[in-house]
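# Per-entry structural report
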Amino acid sequence: MQELFWLANTVVAAPLVGAVISGVGLKFLSRIVTHWLTTTLVALSFFCSLAILIGYINGRYATYDHNLYTWAQAGNLTLTVGFLIDRLSAVMITVVTFVSWMVHIYSIGYMADDPGYKRFFCYISLFTFAMLMLVMANNFMQLFFGWEGVGLVSYLLIGFWFKKSSAIFANLKAFLVNRVGDFGYLLGIAVIFYYFNTLHYADVFTQIKPATPTTLICILLFIGAMAKSAQIPLHVWLPDSMEGPTPISALIHAATMVTAGVYMVARMSPLFENSVLVLSLITIIGAATCFFMGILGVVQKDIKRIVAYSTLSQLGYMVVALGISAYSAAIFHLVTHAFFKALLFLGAGSAIIAMHHDQDIFNMGNLRKYMPITFVTMLIGSLALIGFPGTAGFYSKDLIIEAAKYSSAPAGEIAYYATLFSVFVTALYTFRLIFLVFFTNERMGNSVREHLHECKPVVTWPLIALAVPSVLVGMFMINGILHDFFADSIKVLPQNNVLAEFAQQQYTGPFSMLLHGFISMPFLLMLLGVATAWLCYVKYPNIPSVLTKRAYIVRTILINKYGFDLLYEKIIMPCVRWCGYGLWKIADVLLIDRLVVNGTAYSIAGVARYLRVLQSGYLYHYVFTMIAGLLVLLLYLFYG
Amino acid sequence: MPDILFMIFASIAVLSALTVVLVKNPVYAVLSLIACFIATSLVWLGLDAEFLAWTLILVYVGAVLVLFLFIVMMLDIRFATMRARFSRWLPVGIAITAALVAMLLAFIAKDKFIPNADVAILAYGKDNVRNAELLGNHIFTNYLAQFEVAGVILLVAIIAAIGLIYRGPRNRRQQNVHKQISADPRDRVRLVSGE
Amino acid sequence: MLQYLVFSLSLFGIGIAGLFINRKNIILLLMCIELILLSANTNFVIFAKYWGDIGGQAFVFFVMTVAAAEAAIGLALLVLVFRSIKSINVEDINQLKG
């Protein structure tokens, strides 16, 4: 296993080295050196992870669980840095490093005229390191380290343009909402340690008995996942996180960080399988996020916000898959989503560059004439997103919908209908975007139109590189997914195993699934969605404005994002602030300062005032006291 | 010691002790104390502590109590200035003293302190051994260090006493800080008339 | 033997009572302390005879030494006090009032 050890360590260490060197050398390294260094190191990381993945596919490697270093020990608690490599983490690290590499290359072009260029590369390398630590962890504390690390770098990157006040609000919002999730997650880790006395995955999983409170643990862990993977109600940070540069929206908020929650639940499948309540809860939350967030994507003007709500909706799909115990399907969708969503974000970024950083889709139009490569790649990405048969997105999305159909879980029906109707909504907002940006009439100003051209190759090559797996990955992975590729890493109870049922009853191979896809319900809904978008935005463009006037209330609700932001701002935060104020004024000032601290001083002074009388200064008082004391002492000695 | 002699000397000692406490004139008190010590020393003679008895008279009476007498006579004490207020603590004090004495009495009245035979004249150890010789042997073999320390204590006492009292040659002008601080303007200046 | 002990005890009691009923002067205080020390010494001598152990008398030797030193220094302090407050009444020494 020597080579696996070296490969694994390189995968993690290379981005760290890149981040540290470029961070330390911010002042004296040049831009070119910085981007070459970080990009090459991340590429190295990608090739090593690819080698690991191929080794696992070939069956050459077995599950590898190795503690590298013990960094703390206190009583029972031993905190180590260790790596757990198996098929699940091999797939994840390959995806993470690939998308990270593409984003690094893309950023060379996108951030070319930004003063914080070198800082950006340092941060994205650091992010890659933290994400890899999260994925390759073999104990809960290291996962939490990676969890917090990606949260931190997300904060740093959302507020990358820190002079913009909206960026600062957004990054604080992201960090604080994530903190709420981290609180739940940390409580979960504490309960795990309390019951299992260890934080190592392998030890915890072998010790699960019917008596352990898996419901409590899983709810707490899922709160963390809710914040990290932006599920309702902790989803509010993701749309605002679009204040950051587009490459990081692609890297962090589409492909990798937000999927950490999904990965964590899949990794903890032995724990989650034990609790039907938590699985149902997960399904319902995922279904709600999937459906309702998609609808919000229909009323957005900002191109990045549309893709952000699309991310929220797809995350809902993944979480629904987790809830119906189709963990492998969730991971599958995670992988395909990483590719096409990163592609969509990077493509949107390319359009934004061309439009001189104007992000309003109502100011764009007919861009396919000017930016053909961007158009083609974004079209491919959109087809993958809506699940057009043949693309990777089709395989993963339809797998989830079919699995929901077979599910006998309590919330399985909700899951099925939510995911099914989301297909319609997804197609609607996706093609609304495509039509408004790449087709229809040109609405941009003349000055912008004169400079409108395709971006440089360093920007378009990653788009092409991401478009390829968006199409091909699906048909190659589906066999493995359905035939227990992740059997060692993910545990599913036999009665919940919807994927096995699907594989048995309906599945006969990728090609037949493709053909069957053309006559299935999702395809119908998808066509309906595309047709609706075409009708409303290409053929009769005044339909939206009419609807706006007629359905004014609905539109207000949608514009206000169902009031979640208002809820937090106007109701919950004042309560929290009131609690804080109360704790300050009463607990801190009154009780601790006045009662305990000053009170101790006053009571000592009071007692002293009474005791002072004893010091009368009269000699015979003292003599008297001495002899009385002598008497007491003798009494004690003789009779005590 | 024959009982009768002990009785005589013991009663002299106790009576003079009472005199010490009850008499008004401090000189009489000191003289009574001297008498008490002499009587006690005679009792010690009867208890085969010859060396100590003589030491008591020579050192204690002859030096310490004479020192007391010097001090009493040196300080100009108006011995009639007994502010004869009956303190409210006095009964409590008497009670405590009585309790102490009673307790100790009860303790020593236990049987273990009463030997079967009369306490006879014992020569501690061999016959014809002189008390001083015996005591000297004992101290200088077992308690030599403590002996030296006792010497040092006496030295310290001498130095301390001189250091506390001695104010220098008589006709040296010196500041009396206490007098300076306790000077009161009302003693020095008196307003006679205000014209 | 008992009578010796009673004798010693009575000297002790008189000494302590003297401490209490003393309203007059400090010299009386010091003298009562000497009485108490005397009674302790007598006790040592008695028990030295009773147990046949010369160590009791050795102890008396040292107690006497210390008592003499203490009396000397006590009197020196008394003289100093008298110089400042011109009185040796016990009630006048109350400047260390708390």
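Conventions we followed
Residues numbered from 1 in each chain as written. Chains lettered and ligands numbered in written order. Predicted model: local features only at pLDDT ≥ 70, side-chain atom pairs only at ≥ 80, totals over all residues. Heavy atoms only, no water. Helix = DSSP H or I, 4+ residues; strand = E, 2+ residues; numbered from the N terminus. Buried < 20%, exposed > 50% of the residue type's maximum accessible area, 1.4 Å probe, protein only. Contact = heavy atoms within 4.5 Å. Areas by Shrake-Rupley, 256 points an atom, 1.4 Å probe, with all protein chains shown as cover. Salt bridge = Lys/Arg side-chain N within 4 Å of Asp/Glu carboxyl O. Buried area = accessible area lost by both parts, 1.4 Å probe. Polar contact = N/O pair within 3.5 Å; in protein donor to acceptor, adjacent residues only side chain to side chain. Nonpolar A, V, L, I, M, F, W, Y, C, P; charged D, E, K, R; others polar. Axes fitted to C-alpha atoms, helices over the stretch in contact; angles between N-to-C directions. Parallel < 35°, antiparallel > 145°, perpendicular 65-115°, else oblique. Left-handed = near helix turned anticlockwise from the far one by under 90°. Pairing = 2+ DSSP bridges. Expected span 1.5 Å × (residues − 1). Core = buried A, V, L, I, M, F, W, Y, C linked by side-chain atoms within 4.5 Å.

So, on to the overall build of chain C. Counting its secondary structure elements, chain C contains three helices and zero strands. The order of α-helices and β-strands along chain C, N terminus first, is α-α-α. Burial statistics for chain C: of 98 residues in total, 65% are counted as buried. Sequence separation of 24 or more characterises 62% of the internal contacts of chain C that already satisfy a separation of 6 or more. With the model as given, the accessible surface of chain C reaches about 3200 Å², and the carbon-plus-sulfur share is 70%.

This part takes up the overall build of chain A. For chain A, the helix and strand inventory stands at 27 helices and two strands. Looking at chain A residue by residue over its 640 residues, the buried ones come to 57%. When contacts within chain A are restricted to residue pairs at least 6 apart in sequence, those whose partners lie at least 24 apart make up 81%. As presented, chain A carries roughly 26500 Å² of accessible surface, and 70% of it is formed by carbon and sulfur atoms.

What follows concerns the pattern of salt bridges. Residue and element names in this part refer to chain A. For the structure shown, the criterion picks out 14 salt bridges over all chains. Here Glu148 makes a salt bridge to Arg179, at a shortest N to O gap of 3.0 Å. Separated by 31 residues along the polypeptide, Glu148 in helix H5 (residues 140–158) and Arg179 in helix H6 (residues 165–196) bring together distant segments of the chain. Exposure remark for Arg179: the relative accessible area of 37% places this residue in the partly exposed category. The salt bridge involving Glu569 is made with Lys570; its shortest N-O contact spans 3.8 Å. Exposure class is identical for Glu569 and Lys570. Each is exposed. Put simply, Lys173, Asp240, Lys561 and Asp565 are held in one network by salt bridges that share partners.

Right, let's talk about the interface of chain B and chain A for a bit. On the chain A side, the residues contacting the 10 residues of chain B number 10 residues. In this assembly, chain B packs against chain A so that about 900 Å² is buried in total across both faces, 89% of it on carbon and sulfur atoms. The tally of links from chain B across to chain A stands at zero salt bridges. The interface formed by chain B and chain A includes zero residue pairs in polar contact (both at pLDDT 80 or more). In terms of residue class, the side of chain B that touches chain A is made up of nine nonpolar, one polar and no charged.

Turning to the packing of H6(A) against helix H8 (residues 214–228) of chain A, a few remarks are in order. Residue and element names in this part refer to chain A. Close contact between H6 and H8 brings their axes to 7 Å; oriented N to C, the two are set at 155 degrees. When the axes of H6 and H8 are compared, the pair comes out roughly antiparallel. Our pair here, H6 against H8, has a crossing hand that is left-handed. Together, Val177, Asn178, Val180, Gly181, Gly184, Tyr185, Leu187, Gly188, Val191, Ile192 and Phe196 of H6 and Leu216, Ile217, Leu220, Leu221, Ile223, Gly224, Ala227 and Lys228 of H8 make up the contact between the two elements. Within the contact of H6 with H8, the residues separate by chemical class into 13 nonpolar, five polar and one charged.

The subject of this paragraph is the interface of chain B and chain C. Between chain B and chain C, the residue contacts involve 81 residues of the former and 69 residues of the latter. With both sides pooled, the region where chain B packs onto chain C buries about 6800 Å², and carbon together with sulfur makes up 81% of that total. Along the contact surface separating chain B from chain C lie one salt bridge. In this structure, C:Lys49 engages B:Asp48 in a salt bridge whose closest nitrogen and oxygen atoms are separated by 2.8 Å. Summed over the shared surface of chain B and chain C, the result is seven residue pairs in polar contact (both at pLDDT 80 or more). Elements with a minimum of two residues in the side of chain B that touches chain C: helix H1 (3–22), helix H2 (26–46), helix H3 (50–74), helix H4 (90–108), helix H5 (131–142) and helix H6 (144–165) of chain B. When residues in the side of chain B that touches chain C are grouped by element, the largest group, 11 residues, is from H3(B). Classifying every residue of the side of chain B that touches chain C by side-chain character gives 63 nonpolar, 10 polar and eight charged.

Residue and element names in this part refer to chain A. Across the nine residues of strand E2 (residues 77–85), seven count as buried, placing the element largely inside the fold. Note: strand E1 (residues 64–74) against E2, nine bridges, orientation antiparallel. The residue bridging Ala72 from the neighbouring strand is Leu79, located in E2. Between the end of E1 and the start of E2, which pair antiparallel, lie two residues, with Gly75 showing a positive phi angle near 65 degrees.

All names here are of chain B. At a minimum axis separation of 9 Å, H2 and H3 run at an interaxial angle of 175 degrees. What the angle tells us is that H2 and H3 run roughly antiparallel. The segment H2 lies against H3, with Pro26, Val27, Val30, Leu31, Leu33, Ile34, Phe37, Ile38, Thr40, Ser41, Trp44 and Leu45 engaging Glu50, Leu52, Ala53, Leu56, Ile57, Tyr60, Val61, Leu65, Phe68, Leu69, Val72 and Met73. Here the residues of the contact of H2 with H3 sort into 21 nonpolar, two polar and one charged.

Once that is clear, we can look at helix H16 (residues 372–386) of chain A. Residues and elements named next belong to chain A. In a regular helix each residue adds 1.5 Å, so 15 residues correspond to 21 Å; H16 covers 21 Å between its end C-alpha atoms and thus fits that length. Turning to H16, its buried residues number three or more, namely Thr374, Phe375, Thr377, Met378, Gly381, Ser382, Ala384, Leu385 and Ile386. For H16, the elements touching its buried residues are helix H14 (303–323), helix H15 (327–354), helix H17 (392–406), helix H18 (412–438), helix H20 (457–482) and helix H23 (521–539). Immediately downstream of H16, the backbone of Gly387 shows phi near 85 degrees, a positive value.

On to the nonpolar core, then. Judged by nonpolar contacts, the single largest core of 216 residues is most densely connected at A:Phe140, A:Leu221, A:Phe272 and A:Leu367. Here this core takes 19 residues from H15(A), the largest share from any one element. With near-sequence residues (within four places) excluded, A:Phe140 lies in contact with A:Tyr185, A:Ile189, A:Ile192, A:Leu199, A:Tyr201, A:Val204, A:Leu221, A:Met268 and A:Leu271. With 82 residues, the next largest nonpolar core counts A:Leu631, B:Ala17, B:Leu69 and B:Leu75 among its residues.

Now for helix H4 (residues 117–135) of chain A. Relative to the 27 Å expected for 19 residues at 1.5 Å per residue, H4(A) spans 27 Å between its end C-alpha atoms, a close match to the ideal helical length. Counted residue by residue, H4(A) has 17 buried out of 19 residues, so it is predominantly covered.

A separate point is the side chain of A:Thr419. Residue and element names in this part refer to chain A. Assignment of secondary structure puts Thr419 in helix H18. The buried category is assigned to Thr419, whose relative accessible area is 0%. Within polar-contact distance, the side chain of Thr419 engages the backbone oxygen of Ala415 at 2.7 Å. Excluding its chain neighbours within four sequence positions, the residues that come into contact with Thr419 are Cys290, Tyr317, Val320 and Ile401.

Leaving glycine out, the prevailing phi sign among residues is negative, and the prevailing peptide bond configuration is trans. All names here are of chain A. Here the bond from Ile232 into Pro233 is cis, since omega is 0 degrees, no more than 30 degrees from zero. The residue Pro233 is located in the loop between H8 and helix H9 (237–240) in this model. Phi at Ser325 takes a positive value of approximately 65 degrees, unusual for a residue other than glycine. Position of Ser325 among the secondary structure elements: in the loop between H14 and H15. The phi angle at Tyr562 is positive, at roughly 60 degrees, despite the residue not being glycine. Topologically, Tyr562 is positioned in the loop between helix H25 (552–559) and helix H26 (564–611). You can call Tyr562 partly exposed: its relative accessible area is 27%.

This next bit is on the environment of A:Glu501. Residue and element names in this part refer to chain A. Its place among the elements puts Glu501 in helix H21 (residues 498–505). C-alpha of Glu501 to C-alpha of Leu482: the two residues are 19 residues apart in sequence and 9.7 Å apart in space. If sequence neighbours within four positions are ignored, Glu501 has contacts with Tyr406 and Gln506.

By themselves, these are just geometric observations and shouldn't be taken as functional.
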